[in-house]
Amino acid sequence: MNVVFAVKQYISKMIEDSGPGMKVLLMDKETTGIVSMVYTQSEILQKEVYLFERIDSQNREIMKHLKAICFLRPTKENVDYLIQELRRPKYSIYFIYFSNVISKSDVKSLAEADEQEVVAEVQVKEFYGDYIAVNPHLFSLNILGCCQGRNWDPVQLSRATQGLTALLLSLKKCPMIRYQLSSETAKRLAECVKQVITKEYELFEFRRTEVPPLLLILDRCDDAITPLLNQWTYQAMVHELLGINNNRIDLSRVPGISKDLREVVLSAENDEFYANNMYLNFAEIGSNIKNLMEDFQKKKPKEQQKLESIADMKAFVENYPQFKKMSGTVSKHVTVVGELSRLVSERNLLEVSEVEQELACQNDHSSALQNVKRLLQNPKVTEFDAARLVMLYALHYERHSSNSLPGLMMDLRNKGVSEKYRKLVSTVVEYGGKRVRGSDLFSPKDAVAITKQFLKGLKGVENVYTQHQPFLYETLDHLIKGKLKENLYPYLGPSTLRDSRCSYDLYYLPQDIIVFIIGGATYEEALTVYNLNRTTPGVRIVLGGTTVHNTKSFLEEVLASGLHSRSKESSQVTSRLASRR
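Worth saying up front: this structure is predicted, and the values here are computed from it rather than measured. (Residues numbered from 1 in each chain as written. Predicted model: local features only at pLDDT ≥ 70, side-chain atom pairs only at ≥ 80, totals over all residues. Heavy atoms only, no water.)

Quick notes on the overall build of the protein chain
Move 1: In terms of regular secondary structure, the protein chain is built from 21 helices and 17 strands.
Move 2: Burial status across the protein chain gives 52% buried among its 581 residues.
Move 3: Sequence separation of 24 or more characterises 82% of the internal contacts of the protein chain that already satisfy a separation of 6 or more. (Helix = DSSP H or I, 4+ residues; strand = E, 2+ residues; numbered from the N terminus. Buried < 20%, exposed > 50% of the residue type's maximum accessible area, 1.4 Å probe, protein only. Contact = heavy atoms within 4.5 Å.)

This is the structure we're talking about:
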């Protein structure tokens with residue numbers, strides 16, 4: 001189950017089907033992102049695709065010597081653009097592919113528009129690459145703000161259903177579905193996916209496996225802690241401090257940045273250093289960057305090197321592209337790691353992160369409170385980091401008998417933290433507090449868990465900055481072992497599916513697992529899935545989310561939900577509960 005490979009195969013097949021000759025790839029805003037995640041421009045150029053155009057671009061030239069490969073999402077807007085295109089074609093022949101199921105009426109409208117008979121295929125094809133393939137085991141739909149209050153935004157529910165069903169079709173999986181009972185949005189999405197499987201049952205008739213695949217739908221509200229933490233592995237840290245948008249990192253704000261490094265691309269598919277280091281912690285990255293530099297210095301052509309013979313020149317020319325590529329890799333990663341180091345130092349993030357980890361993983365209220373108060377007095381701690389510390393405190397000690405949230409809110413005000421961030425504290429509690437969660441994030445639930453935590457405390461941990469395990473780890477661990485409680489994560493009644501899939505034994509231990517988090521996944525959770533895939537033979541897990549969050553985007557998600565309108569009332573309830581205990 002490799003989502004990058006699945007999307008890449010679709011695109012390769014499109015290009016192959018169009019045959020030899022010069023081509024243009026005609027896309028929309030979303031499919032442009034989908035393609036750019038799995039192919040570089042230079043790779044596609046090698047396949048005779050010389051032009052990349054947007055279907056909504058008004059200024060395209062007529063180029064009758066080019067074949068057009070259209071890869072579009074099946075939206076009404078795109079169908080309308082394509083109808084206009086076919087009525088006044090700019091290219092010699094059109095190969096049309098939609099990223100999801102397209103209605104028969106839309107196909108009919110396209111056929112009617114094709115008066116000049118420029119469409120190559122009798123039938124418009126569906127290639128189900130309708131999602132962003134981030135890593136081989138991680139996908140996103142790039143939806144920020146999927147809910148209104150506790151309910152789906154109808155437009156985003158439709159997009160999530162399409163994205164998730166396309167993912168299943170591209171991996172050739174017809175799964176059993178389980179969902180988080182405490183979340184109405186999880187149940188709603190599960191029902192919508194099931195409706196599509198039932199309606200399009202012929203598309204989902206894959207070779208039956210002994211153990212059925214499983215789709216597990218979760219809600220971000222159940223773990224609001226994970227997206228609030230600073231990260232210390234390379235990919236997660238880059239996203240947290242710099243932001244990754246479709247593999248692109250904006251470095252334009254870096255002091256003294258050169259023009260060619262204002263935007264860089266980090267892709268494990270085309271960058272060996274990144275592929276080997278994306279899951280390593282920051283200390284290891286520093287050491288590996290040093291080794292990369294030393295290796296580069298050895299291979300660097302000496303300035304005084306004489307190109308005396310034709311053989312010398314030939315060797316130099318042959319090695320130059322490789323050298324240039326390595327030079328670009330070195331300067332890119334040195335710049336990125338240098339900027340991460342600068343931000344860690346400038347924002348005092350080592351100290352901040354240590355206290356974040358204490359708030360997320362330990363249960364010592366008085367020590368946590370003391371450490372948060374101490375950091376709020378530190379002028380190096382930004383208002384963003386100060387607010388995030390108070391959010392973590394508010395979530396963990398929401399109902400603690402000695403809850404000191406009002407005092408910390410006063411400290412934030414005295415520090416000059418803006419009202420926007422102060423209001424967000426109660427909004428985050430409204431979004432993912434005790435009242436909403438179906439799980440207990442903070443206290444061990446049984447004797448085994450208590451013993452494990454005690455032993456962990458005795459041994460200490462290898463790295464105080466990475467003590468935290470996302471709640472997803474526990475959920476997946478229980479699922480793999482057949483211990484995930486059905487009363488908390490029920491199956492969506494399989495008896496309503498059309499064929500004998502309903503005769504599966506529900507108690508088989510799943511092997512192919514697709515997890516989808518409404519409200520967004522994180523790179524820390526992606527690392528958890530990567531490690532589980534590596535260490536659990538026979539189990540293959542793919543993680544997806546409406547988006548992939550860092551703290552900034554998570555807080556935007558919380559704000560977009562509109563729950564802040566009830567935040568004042570929520571904080572009063574929290575205060576009353578705390579005073580009663």
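Thoughts on the sheet that holds strand β3 (residues 67-72)
The strands making up a sheet associate through backbone hydrogen bonding, with each pair oriented either parallel or antiparallel.
Move 1: In spatial order, the strands read β2-β1-β3-β4-β5; together these five strands make up an open sheet with parallel pairing. At either margin of the open sheet sits one strand with a lone partner, and together these are β2 (49-54) and β5 (125-126).
Move 2: Pairing of β3 with strand β4 (residues 93-98), which is carried by six bridges, proceeds in the parallel orientation. Each residue of the ladder has a partner; that of Ala68, found in β4, is Tyr94.
Move 3: Sheet strands touched by helix α4 (residues 76-87): β1 (23-27), β3 and β4. Its angle to β4, the strand with the most contacts, is close to 170°. (Pairing = 2+ DSSP bridges. Axes fitted to C-alpha atoms, helices over the stretch in contact; angles between N-to-C directions.)

Topic: the side chain of Lys173
Move 1: Residue position: Lys173 is located in the loop between α6 (154-170) and β10 (176-179).
Move 2: Among the polar contacts made by the side chain of Lys173, one reaches the side chain of Asp512 at a distance of 2.7 Å.
Move 3: Excluding residues that lie within four positions of it along the chain, Lys173 makes contacts with Met1, Leu168, Phe204, Phe206, Pro213, Asp512 and Ile514. (Polar contact = N/O pair within 3.5 Å; in protein donor to acceptor, adjacent residues only side chain to side chain.)

A few points about unusual backbone geometry
Move 1: Even without being a glycine, Glu117 presents a positive backbone phi close to 50°.
Move 2: Positionally, Glu117 belongs in the loop between α5 (104-113) and β5.

Digging into the pattern of salt bridges
Pairing is possible between side chains that carry opposite charge, provided their charged atoms lie close to one another.
Move 1: Enumeration according to the criterion identifies 32 salt bridges in this entry.
Move 2: A salt bridge links Arg159 to Asp130, with the shortest nitrogen-to-oxygen separation between them at 3.4 Å. Of the two residues, Arg159 sits in helix α6 while Asp130 sits in the loop between β5 and β6 (132-135), which places them 29 residues apart along the sequence.
Move 3: A relative accessible area of 0% places Asp130 in the buried class.
Move 4: Notably, a salt bridge pairs Asp385 with Arg388, separated by 2.9 Å at the nearest N-O pair. (Salt bridge = Lys/Arg side-chain N within 4 Å of Asp/Glu carboxyl O.)

Some details on α6
Move 1: Between the first and last C-alpha of α6 there are 24 Å, a value that for 17 residues agrees with the 24 Å anticipated at 1.5 Å per step.
Move 2: Most of α6 sits inside the fold, with 13 of its 17 residues counted as buried.
Move 3: Sitting at the head of α6, Asp153 places a side-chain oxygen 2.9 Å from the backbone nitrogen of Val155. (Expected span 1.5 Å × (residues − 1).)

What to know about the nonpolar core
It is characteristic of soluble globular proteins that their nonpolar side chains tend to be buried jointly.
Move 1: Core analysis: the biggest nonpolar cluster contains 159 residues, and Leu189 and Ile217 have the highest contact counts within it.
Move 2: Per-element tally for this core: the top contributor is helix α14 (residues 383-396), with 10 residues.
Move 3: Setting aside residues no more than four positions away along its own chain, Ile217 makes contact with Leu164, Ile177, Arg178, Tyr179, Gln180, Ala186, Leu189, Ala190, Phe516 and Ile518.
Move 4: With 20 residues, the next largest nonpolar core counts Leu66, Val79, Ala113 and Val118 among its residues. (Core = buried A, V, L, I, M, F, W, Y, C linked by side-chain atoms within 4.5 Å.)

Overview of the state of the cysteines
Disulfide: a covalent bond formed between the sulfur atoms of two cysteine residues.
Move 1: Throughout the structure, instances matching the rule amount to zero disulfides.
Move 2: Between Cys146, a cysteine without a disulfide, and Cys147, which holds the nearest cysteine sulfur, the sulfur-to-sulfur distance is 3.7 Å.
Move 3: By relative accessible area, Cys146 is classed as buried at 1%. (Disulfide = S-S within 2.5 Å.)

Comments concerning the side chain of Thr31
Move 1: Mapping Thr31 onto the fold places it in helix α2 (residues 29-36).
Move 2: Judged by relative accessible area, which is 0%, Thr31 ranks as buried.
Move 3: Apart from the residues within four sequence positions on either side, Thr31 is in contact with Phe71, Leu72 and Arg73.

Some words on the packing of helix α12 (residues 349-361) against helix α13 (residues 365-376)
The packing of two helices is summarised by the inter-axis angle and the distance between the axes.
Move 1: At a minimum axis separation of 10 Å, α12 and α13 run at an interaxial angle of 155°. Considering the angle they form, α12 stands roughly antiparallel to α13. As α12 packs across α13, the resulting crossing turns out to be left-handed. Packed against α12, whose contacting residues are Glu351, Val352, Val355, Glu358 and Leu359, the element α13 presents Ser367, Ala368, Asn371, Val372, Arg374 and Leu375 at the interface. (Parallel < 35°, antiparallel > 145°, perpendicular 65-115°, else oblique. Left-handed = near helix turned anticlockwise from the far one by under 90°.)

Digging into helix α7 (residues 184-199)
Move 1: Helix length check: α7 (16 residues) gives 23 Å between terminal C-alpha atoms against 22 Å at 1.5 Å per residue, within 8%.
Move 2: Where α7 is concerned, the buried positions are Thr185, Ala186, Leu189, Ala190, Cys192, Val193, Lys194 and Ile197.
Move 3: Structurally, α7 contributes buried residues whose contacts are with β8 (147-148), β9 (151-152), α6, β10, β11 (214-219) and β14 (512-518).

A look at the sheet that holds β10
Move 1: Reading across the sheet, the six strands line up as β6-β7-β16-β14-β11-β10 and stay open at both edges, with mixed pairing between neighbours. Taken across any chain shown, the strands that pair with only one partner, and hence form the sheet edges, are β6 and β10. When strand polarity is set aside, the average angle formed by the axes of neighbouring strands in this sheet is 25°.
Move 2: Here β10 pairs with β11 via four bridges, running parallel. Considered in β11, the bridge of Arg178 is made with Leu216.
Move 3: Each of β6, β7 (138-140) and β16 (540-545) is contacted by helix α1 (residues 3-17), which is oriented at about 135° to β6, the strand it contacts most.

Brief notes about the confidence of the model for the protein chain
Move 1: Per-residue confidence for the protein chain averages 84 on the pLDDT scale, and 85% of its residues sit at or above 70.
Move 2: Taken as a whole, residues 495-506 scores under 50 in pLDDT and shows 22 contacts with residues more than four places along the chain or in a different chain.
Move 3: Counted against residues more than four places away or in other chains, residues 565-581, with its pLDDT under 50, gives 15 contacts. (pLDDT = per-residue confidence, 0-100.)

Quick notes on the environment of Val539
Move 1: Locating Val539 in the fold gives a position in the loop between α19 (523-535) and β16.
Move 2: Here the alpha-carbon distance between Val539 and Gln511, two residues 28 residues apart in the chain, equals 4.5 Å.

What to know about the packing of helix α16 (residues 419-432) against helix α20 (residues 551-560)
Move 1: Packing of α16 against α20 brings their axes to within 10 Å, and their N-to-C directions diverge by 75°. With respect to α20, the element α16 is oriented roughly perpendicular. Packed against α16, whose contacting residues are Leu424, Thr427, Val428 and Tyr431, the element α20 presents Phe554, Leu555, Val558 and Leu559 at the interface.
Move 2: Here the contact of α16 with α20 is composed, by residue class, of seven nonpolar, one polar and no charged. (Nonpolar A, V, L, I, M, F, W, Y, C, P; charged D, E, K, R; others polar.)

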